[in-house]
Amino acid sequence: MRSSYGIAVALSAGLRLTTAAPAPRAESSLLYVTTYPVGQGAGKLITLKQDQTSLQSVAESDSCGPFPSWLTQAGDILYCVNEAWGGANGDLSALKISDDFSLPKLSGGQTVAGPVSTVVYGKGGRGLAVADYAGGGVDTFNITNPAAISLIKSQVYPAPGDNRPEPQNQARPHHAVLDPTGNFLVFPDLGADLLRVLRVNQNTLQYTDTKSYKFARGTGPRHAAFFKSGDKTFLYVVCELANLIQGFRVTYNYDKTLSFSRIYNSTTHGGTSPVPAGTSAAEITLSPDSKFLTVSSRNEKTLQYTLANGTAVPSDPLITFSINAVSGKLTHVQTAPAGGVNPRHFSFNKDGSRVASALQSDGRVIVFERDVASGKIGKAVAEANVPGMPNFVTFKQ
Ligand SMILES: *[C@@H]1O[C@H](CO)[C@@H](O)[C@H](O)[C@H]1NC(C)=O
Ligand SMILES: *[C@@H]1O[C@H](CO)[C@@H](O)[C@H](O)[C@H]1NC(C)=O
Ligand SMILES: *[C@@H]1O[C@H](CO)[C@@H](O)[C@H](O)[C@H]1NC(C)=O
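Going by the annotation in an unreviewed UniProt entry, the name recorded for the protein chain is Extracellular aldonolactonase, with Parathielavia appendiculata given as the source organism. What UniProt states about the protein chain under its Sequence similarities (unreviewed entry) heading is, verbatim, "Belongs to the cycloisomerase 2 family."

Colleague: What's the story with the overall build of the protein chain in this structure? I'm lost.
Modeller: The helix and strand inventory of the protein chain stands at zero helices and 32 strands. Projected onto the principal axes, the alpha-carbon positions of the protein chain cover approximately 55 × 50 × 40 Å. Each of the 397 residues in the protein chain was classed as buried or not, and the buried ones make up 57%. The long-range share in the protein chain, meaning contacts at least 24 apart out of those at least 6 apart in sequence, stands at 51%. Accessible area for the protein chain stands at about 14,900 Å²; split by element, carbon and sulfur atoms hold 51% of it. In the protein chain, 35 positive and 29 negative side-chain charges are present, and the distance between their average locations comes to 5 Å.

Colleague: Whenever I open this one, the site of ligand 1 confuses me. Can you help?
Modeller: Every residue close to ligand 1 is listed here: Asn142, Thr144, Asn145, Asn203, Thr204 and Leu205. Within the side chain of Asn142, a nitrogen or oxygen atom sits 2.3 Å from an oxygen atom of ligand 1. In the complex, the protein chains occlude 47% of the 360 Å² of accessible area that ligand 1 would expose alone. Its residues assigned to classes, the shell around ligand 1 shows one nonpolar, five polar and no charged.

Colleague: Looking at this structure, how should I read the pattern of salt bridges?
Modeller: For side chains bearing opposite charge, pairing can occur when the charged atoms are close. If you walk through the whole model with that rule in mind, you get 11 salt bridges. In this structure, Lys49 engages Asp51 in a salt bridge whose closest nitrogen and oxygen atoms are separated by 3.4 Å. Exposure remark for Lys49: the relative accessible area of 29% places this residue in the partly exposed category. Overall, the relative accessible area of 33% leaves Asp51 in the partly exposed class. A salt bridge links Arg217 to Asp162, with the shortest nitrogen-to-oxygen separation between them at 2.6 Å. Of this pair, Arg217 sits in the loop between strand S17 (207-214) and strand S18 (221-229) while Asp162 sits in the loop between strand S13 (150-156) and strand S14 (177-178), and the two are 55 residues apart along the sequence.

Colleague: Quick question: what am I supposed to make of unusual backbone geometry here?
Modeller: Cis geometry is found at the peptide bond from Glu166 to Pro167, where omega equals 5°. You can see Pro167 is positioned in the loop between S13 and S14. With a phi close to 55°, Asn163 is a non-glycine residue in the positive phi region. One can find Asn163 in the loop between S13 and S14.

Colleague: What's the story with the packing of aromatic side chains in this structure? I'm lost.
Modeller: For any pair of aromatic rings, the description rests on two quantities: the centre-to-centre distance and the angle between the ring planes. In total, this model carries 12 aromatic pairs according to the counting rule given. Measuring from ring centre to ring centre gives 4.6 Å for Tyr36 and Trp85, while their planes differ by 45°; the resulting arrangement is tilted. Taken together, the positions of Tyr36 in strand S3 (residues 28-36) and Trp85 in the loop between strand S7 (77-82) and strand S8 (89-96) put the pair 49 residues apart, joining distant regions of the chain. Judged by relative accessible area, which is 5%, Tyr36 ranks as buried. The class for Trp85 is partly exposed, based on a relative accessible area of 41%. Ring geometry for Phe346 and Phe348: centres 6.1 Å apart, planes at 85°, overall edge-to-face. This pair shows no difference in class: Phe346 is buried, exactly as Phe348 is. Every member of this aromatic cluster is reached through a ring pair, and the members are Tyr213, Phe215, Phe248 and Phe260. Cation over ring: Lys153 sits above Tyr207, and NZ or CZ is 4.7 Å from the ring centre.

Cut-off values and rules
Residues numbered from 1 in each chain as written. Chains lettered and ligands numbered in written order. Predicted model: local features only at pLDDT ≥ 70, side-chain atom pairs only at ≥ 80, totals over all residues. Heavy atoms only, no water. UniProt positions renumbered as here; feature names shortened; annotations may be inferred. Helix = DSSP H or I, 4+ residues; strand = E, 2+ residues; numbered from the N terminus. Buried < 20%, exposed > 50% of the residue type's maximum accessible area, 1.4 Å probe, protein only. Contact = heavy atoms within 4.5 Å. Areas by Shrake-Rupley, 256 points an atom, 1.4 Å probe, with all protein chains shown as cover. Lys, Arg positive; Asp, Glu negative; His and termini not counted. Charge placed at Lys NZ, Arg CZ, Asp CG, Glu CD. Near = heavy atom within 4 Å. Polar contact = N/O pair within 3.5 Å; in protein donor to acceptor, adjacent residues only side chain to side chain. Nonpolar A, V, L, I, M, F, W, Y, C, P; charged D, E, K, R; others polar. Salt bridge = Lys/Arg side-chain N within 4 Å of Asp/Glu carboxyl O. Phe/Tyr/Trp six-rings, centres within 6.5 Å; stacked < 30°, edge-to-face > 60°. Lys NZ or Arg CZ within 6 Å of the ring centre and 35° of its normal.

Structure below.
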């Protein structure tokens, strides 16, 4: 299998390894990073190995195409979308996670333009849904056989038609999220200011569009996270254009639709705390223990982070809130440096003791310690400079 699909293994070529404070634990972990290209180059899917205080590239792959933007792991398959900037379509690839770090492509399919997020759905995890930002649509795939994934349906939503400037001139689904029951897919639509709600048939993998939730025009919902608390379900949405976090109590209606009643609204910094001009909120993630919610915010540059080599650089924040499990309301816990500028994406490891941050504008990935009890992000464990602009990072499961 190895190299038969254009895998380029580049041991640390173009990568500089740096170290930070000693890690308390010795185990190593693998991380997958996708990068946007710089200039005429091509983005890559990079495998990093974190070993105590080191974070090093062990493989680079072109399998996903030149604009990889999001990864979803399912067993030993990594689903990767190629955003294909400026293209009429994007692509989804099923890549095989292999012991030699290669990621050969098993099969693929075409999406609506500009795919940016994917999620597995359906009984047995046989379906995969895609959010397409540039093309304003969604796709569903049958991934029963990763070596022969097949498109079920592509759909493009009509433009809102109210003559708003870009990016609100058209529909722009930005995130594909499965609800805790597995019966609904929701897509924050940054262009149309909607939360689109699709009811899925878990057996046939088909779906029906149901009524959307409408945000105030100009809000720009980007990403979302569900929180199931006893018999209650909450949904938190980070809104890129208005830099807000909005929390909702979700009601499952008898007519098989969802209703959303807002129970929380604050800026991404909490309360009414203002954000600097030019700020653009990005990711929202529930901690593995469901006690905390962390958001990343881009282009603020008001914090400082000291690199392992002693150089202080401007930093954007990762902002953490605790969640009241009864009311669903959030309380600000910490505003921590993300380790540089443009943290488009970050991830927790499985037990929440680490956070990996992808600094798109700085070509850097950092793994931080995280205190599971307080939810606070601590000191850096390891840093790596990566070629291109890292837009996504996840720990290998
Ligand atoms: C999905 O594809 C498999 C073949 O890989 C096929 O057997 C199955 O019927 C398909 N399932 C649906 C729900 O379309
Ligand atoms: C949400 O909070 C922001 C910031 O304080 C405020 O400007 C906005 O009006 C609030 N929106 C709603 C719907 O309460
Ligand atoms: C420290 O690392 C940064 C990022 O790689 C680099 O730009 C800077 O020149 C380095 N500074 C020193 C003193 O080596």
